[in-house]
Amino acid sequence: MKRAFGYVAIAGIALALSACGSQRPRGPSNAVIERALTGAPGEAQPSAIVATEIAFARAAREEGQWTAFAEFAAPGALIHGTGGVIEAAPWLATQSNPPEAVQWGVRTVLMSCDGSLALSQGRFRDPDGIVGNYVTAWQRQPDRTYRYLYDAGGPDVPQPTAQPDFEDGDIVVTAIDSIKGLVATCPRAGDPLPPPPTTSAVAERPQDVRQSSDGTLRWRFEHRGDGEKYVVAEYYYLGKWATALEESLASGT
């Protein structure tokens, strides 16, 4: 079964790719990560999520796809597939690793002020060359590591047009490393956090809203018709609430 598009349609397995050619995309370099994501305030360090994503993807390649998914899952983690949301642990326990893992890489990290919760969004490619987007929610554990709470993904519809073959001597740029780090603003000591908006996309289904320990990051997911997976998140930034991530992930076939 294709990991990203079968009943489980896992999207956290994704590869960073900005171009769709025959060449194998690569993940961001350590230098790029440090340059883009250092300097975040206090406990919130998006680079920790990027490092976890890289380790997760490496484990999938070297140890097996489903072995890595079990290793990096938080207690009670959920996988959002074509048929809906399932608990990761019991499902993963029944799976055998495929011969080749899906590849992926992060493009955006959204983090609460206290660093307790983060969401990542990125790109993936499966062994058949299908590409798409994924969204993963991460929770900081008591040992200070991050493990995923939720994972969803879906293919691009339509798929990008295949790149033409290139002649010897052609100069080809296949991808440019780029990672965006978004960190919620920490309220000043003694100042209450302004209430989140009641008219935002997150607030449309208040019973499904999940939030960070400090309340500066809120998000929810929704399973829609035709297997579509919808994820939206908002964070407190410079005195206001703003939508930082909104993704509709198509069902796989």
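None of the values given here were measured: they were computed from a predicted structure. (Residues numbered from 1 in each chain as written. Predicted model: local features only at pLDDT ≥ 70, side-chain atom pairs only at ≥ 80, totals over all residues. Heavy atoms only, no water.)

A.B. asks: Mind showing me how you'd approach the pattern of salt bridges here?
C.D. replies: Side-chain pairing between opposite charges can occur once the charged atoms of the two side chains come close. The tally for this structure, following the rule as stated, stands at 10 salt bridges. Among the ionic pairs, R140 bridges to E43, the shortest N-O distance being 3.5 Å. Of this pair, R140 sits in strand β5 (residues 131–140) while E43 sits in the loop between α1 (30–37) and α2 (46–63), and the two are 97 residues apart along the sequence. Notably, a salt bridge pairs E222 with R205, separated by 3.3 Å at the nearest N-O pair. (Salt bridge = Lys/Arg side-chain N within 4 Å of Asp/Glu carboxyl O. Helix = DSSP H or I, 4+ residues; strand = E, 2+ residues; numbered from the N terminus.)

A.B. asks: Explanation requested: the pairing of strand β10 (residues 229–237) in the structure shown.
C.D. replies: The side chains of a regular strand alternate between both faces of the sheet. In terms of burial, β10 is a largely internal element, 8 of the 9 residues being buried. Examined bridge by bridge, strand β9 (residues 217–223) and β10 share 7 bridges and lie antiparallel to one another. Within β10, the residue paired with F221 across the bridge is V231. Hairpin connection of β9 to β10: 5 residues between the antiparallel strands, including D226 at a positive phi of 60 degrees. As judged from the 9 bridges shared by β10 and strand β11 (residues 240–249), these two strands associate in the antiparallel manner. For V231, the partnering residue across the bridge sits in β11 and is E247. Where β10 folds back on β11, the antiparallel hairpin that results is connected by 2 residues, among which L238 adopts a positive phi of roughly 50 degrees. (Buried < 20%, exposed > 50% of the residue type's maximum accessible area, 1.4 Å probe, protein only. Pairing = 2+ DSSP bridges.)

A.B. asks: I keep staring at unusual backbone geometry and nothing clicks. Help me out?
C.D. replies: With the exception of glycine, the majority of residues adopt a negative phi angle, and the majority of peptide bonds are in the trans configuration. Along the chain, V157 connects to P158 via a cis peptide bond; the corresponding omega equals 0 degrees. Along the polypeptide, P158 turns up in the loop between β6 (146–155) and β7 (180–183). The phi torsion at R144 lies on the positive side, around 80 degrees, for a residue other than glycine. With respect to the secondary-structure elements, R144 resides in the loop between β5 and β6. Of the residues examined, R144 reaches a relative accessible area of 49% and is grouped as partly exposed.

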